[in-house]
Amino acid sequence: MSVAFTKEESAETAAETLLPDRPISPHPNLVTEAGLKALEAQMEEARAAYEAAASIEDVNEKRRQQAGPLREARYLSERLRTAQLMPQPGSNEVVAFGSTVTFSRDDGRVQTYRIVGEDEADPKAGSISYVSPVARVLSGKGVGDLVTVGDQELEIIAIA
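Residues numbered from 1 in each chain as written. Predicted model: local features only at pLDDT ≥ 70, side-chain atom pairs only at ≥ 80, totals over all residues. Heavy atoms only, no water.

For the pair helix H2 (residues 33-53) and helix H3 (residues 59-82), the least separation of the axes is 8 Å and the interaxial angle reads 155°. Compared by their axis directions, H2 and H3 come out roughly antiparallel. Helix-helix and strand crossings are classified by hand; for H2 and H3 the assignment is left-handed. Facing H2, whose interface residues are Leu36, Leu39, Glu40, Gln42, Met43, Ala46, Ala49, Tyr50 and Ala53, H3 presents Lys62, Gln65, Gln66, Pro69, Leu70, Glu72, Ala73, Leu76, Ser77, Arg79 and Leu80. (Axes fitted to C-alpha atoms, helices over the stretch in contact; angles between N-to-C directions. Helix = DSSP H or I, 4+ residues; strand = E, 2+ residues; numbered from the N terminus. Parallel < 35°, antiparallel > 145°, perpendicular 65-115°, else oblique. Left-handed = near helix turned anticlockwise from the far one by under 90°. Contact = heavy atoms within 4.5 Å.)

Quick look at the structure:
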């Protein structure tokens, strides 16, 4: 068969299948038990998506469909390899990794967040990363303590 009749991968397809790796945080990969389980579940999902795409007959489409799950699997593999499972806080005297802290702001808003690892942080769902500015200033503080974040003052109301 002549080379003229073979299907070559286009530059566009190549760009879609060679995704850059997701950046890995330079901070220690601290995780809660739930965070570790979530990473493991995400890894299984990425594997399943990769394997599902393996049945696609068109080579270019198969590569395109496998690119995302492969990228996720590389990221998750590294995050699982470096995960440091942290114990639950020993007391509620001071804010620590895994604590749920409630604080009031200058404007009267009261907010509650659990301090967790970077991969499991979701502020809309009530969790923030231990490396976030708010978590950093709250860590080691107790109920009644005042801390400043930017131009706001926060007062710790409760630690659970």
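Let us keep going from here.
Attention shifts here to the nonpolar core. With 18 residues, the main nonpolar core has Val95, Val101, Phe103, Ile115, Val134 and Leu138 as its most contacted residues. Residue assignment for this core shows that the elements contributing at least two residues are strand S3 (100-105), strand S4 (110-116), helix H4 (133-138), strand S6 (146-149) and strand S7 (152-159). Apart from residues no more than four positions distant in its own chain, Leu138 is found in contact with Val95, Val101, Phe103, Val147 and Ile156. Residues Val31, Met43, Ala73 and Leu76 belong to the second largest nonpolar core, which totals 7 residues. (Core = buried A, V, L, I, M, F, W, Y, C linked by side-chain atoms within 4.5 Å. Buried < 20%, exposed > 50% of the residue type's maximum accessible area, 1.4 Å probe, protein only.)

Another point: a negative patch on the surface. Side chains of Asp106, Asp145, Asp151, Glu153 and Glu155 sit close together on the surface and give a patch of like negative charge. Tracing the chain through its elements places Asp145 in the loop between H4 and S6. (Patch = residues over 30% accessible without salt bridge, like charges linked within 9 Å, V, L, I, M, F, W, Y side chains within 5 Å. Areas by Shrake-Rupley, 256 points an atom, 1.4 Å probe, with all protein chains shown as cover. Salt bridge = Lys/Arg side-chain N within 4 Å of Asp/Glu carboxyl O. Lys, Arg positive; Asp, Glu negative; His and termini not counted. Charge placed at Lys NZ, Arg CZ, Asp CG, Glu CD.)

The next point concerns the packing of aromatic side chains. What characterises a pair of aromatic rings is the spacing of the ring centres plus the angle enclosed by the ring planes. Using the criterion set out here, one finds 2 aromatic pairs in the structure. Measuring from ring centre to ring centre gives 5.7 Å for Phe97 and Tyr130, while their planes differ by 70°; the resulting arrangement is edge-to-face. Of this pair, Phe97 sits in the loop between strand S2 (84-85) and S3 while Tyr130 sits in the loop between strand S5 (127-129) and H4, and the two are 33 residues apart along the sequence. Take Phe97 and Tyr130: they sit in the same class, and that class is buried. Above the ring of Tyr75, the side-chain terminus of Arg22 is found at 3.7 Å from the ring centroid. (Phe/Tyr/Trp six-rings, centres within 6.5 Å; stacked < 30°, edge-to-face > 60°. Lys NZ or Arg CZ within 6 Å of the ring centre and 35° of its normal.)

Once that is clear, we can look at the side chain of Ser104. Relative to the elements of secondary structure, Ser104 occurs in strand S3. Residue classification places Ser104 among the buried residues on the basis of a relative accessible area of 16%. Beyond its immediate sequence surroundings of up to four residues, Ser104 is in contact with Arg109, Val110, Glu153, Leu154, Glu155 and Ile157.

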